[in-house]
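Secondary and tertiary structure notes
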Amino acid sequence: MTAEQLAQAVAEAMWAQDRASQALGMQLEAVAPGTARLSMPIRADMLNGFALCHGGLIGTLADSAFAFACNSGNQLTVASGYSIDIVAGAREGDVLTAKAQRKAATGRTGLYDVQVHNQRGELIAEFRGRAYRLKDRRVVPELPVSGD
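Parameters at a glance
- Residues numbered from 1 in each chain as written.
- Predicted model: local features only at pLDDT ≥ 70, side-chain atom pairs only at ≥ 80, totals over all residues.
- Heavy atoms only, no water.
- Pairing = 2+ DSSP bridges.
- Helix = DSSP H or I, 4+ residues; strand = E, 2+ residues; numbered from the N terminus.
- Buried < 20%, exposed > 50% of the residue type's maximum accessible area, 1.4 Å probe, protein only.
- Contact = heavy atoms within 4.5 Å.
- Core = buried A, V, L, I, M, F, W, Y, C linked by side-chain atoms within 4.5 Å.

With that settled, the discussion passes to the pairing of strand E4 (residues 95-106). With seven bridges joining them, strand E2 (residues 35-41) and E4 adopt antiparallel strand pairing. In the strand pairing of E4, leucine 38 is matched with alanine 98. With nine bridges connecting them, E4 and strand E5 (residues 109-117) associate as antiparallel partners. If you follow threonine 106 over to E5, its bridge partner there is threonine 109. Adjacent in sequence and paired antiparallel, E4 and E5 are bridged by two residues, among which glycine 107 carries a positive phi angle near 60°.

Here's what the structure looks like:
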């Protein structure tokens, strides 16, 4: 199994159990070793009192992309922390896309950047996630692991 095939198989297993991302209307668009891309349409029930997408939901989209990217090697990985800078608002009808990319991985820790853009390519948010791999735990027990 190639690293790309493994990343896809892990993502499919994760997606099947990810009720939160599904409930928010996210779509898993692409996954590869150390990377993932998810999108989310902004609905009326996602707006705050200023008719803008709630910042926490933008963060949730970025966090979901982060999770798929850092688990792509089938080594169970959790967030140890993250920060997000929201630089522009999103409105009802916008479609946000979060692209996650591993920047560094050493031992059991990793650093990932996620950029969130709208359908016009405008930057909405920058997210930086810190990941921690759990020792000897797989996302999908019957699949191999990759150091990707």
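Tracing the backbone shows threonine 60 in helix H3 (residues 55-70). Judged by its relative accessible area of 29%, threonine 60 falls in the partly exposed class. Spatially, the C-alpha atoms of threonine 60 and serine 21 are 8.1 Å apart, while their sequence positions differ by 39 residues. If we skip the residues at most four places from it in the chain, threonine 60 touches Leu24 and Met26.

Below, the discussion takes up the nonpolar core. Core analysis: the largest hydrophobic core is formed by 37 residues, its most contacted members being Leu38, Met40, Leu61, Leu96, Val114 and Val116. Mapped by element, the contributors of at least two residues to this core are helix H1 (3-17), E2, H3, E4, E5 and strand E6 (123-138). By residue number, the principal contributor to this core is H3, which donates nine residues.

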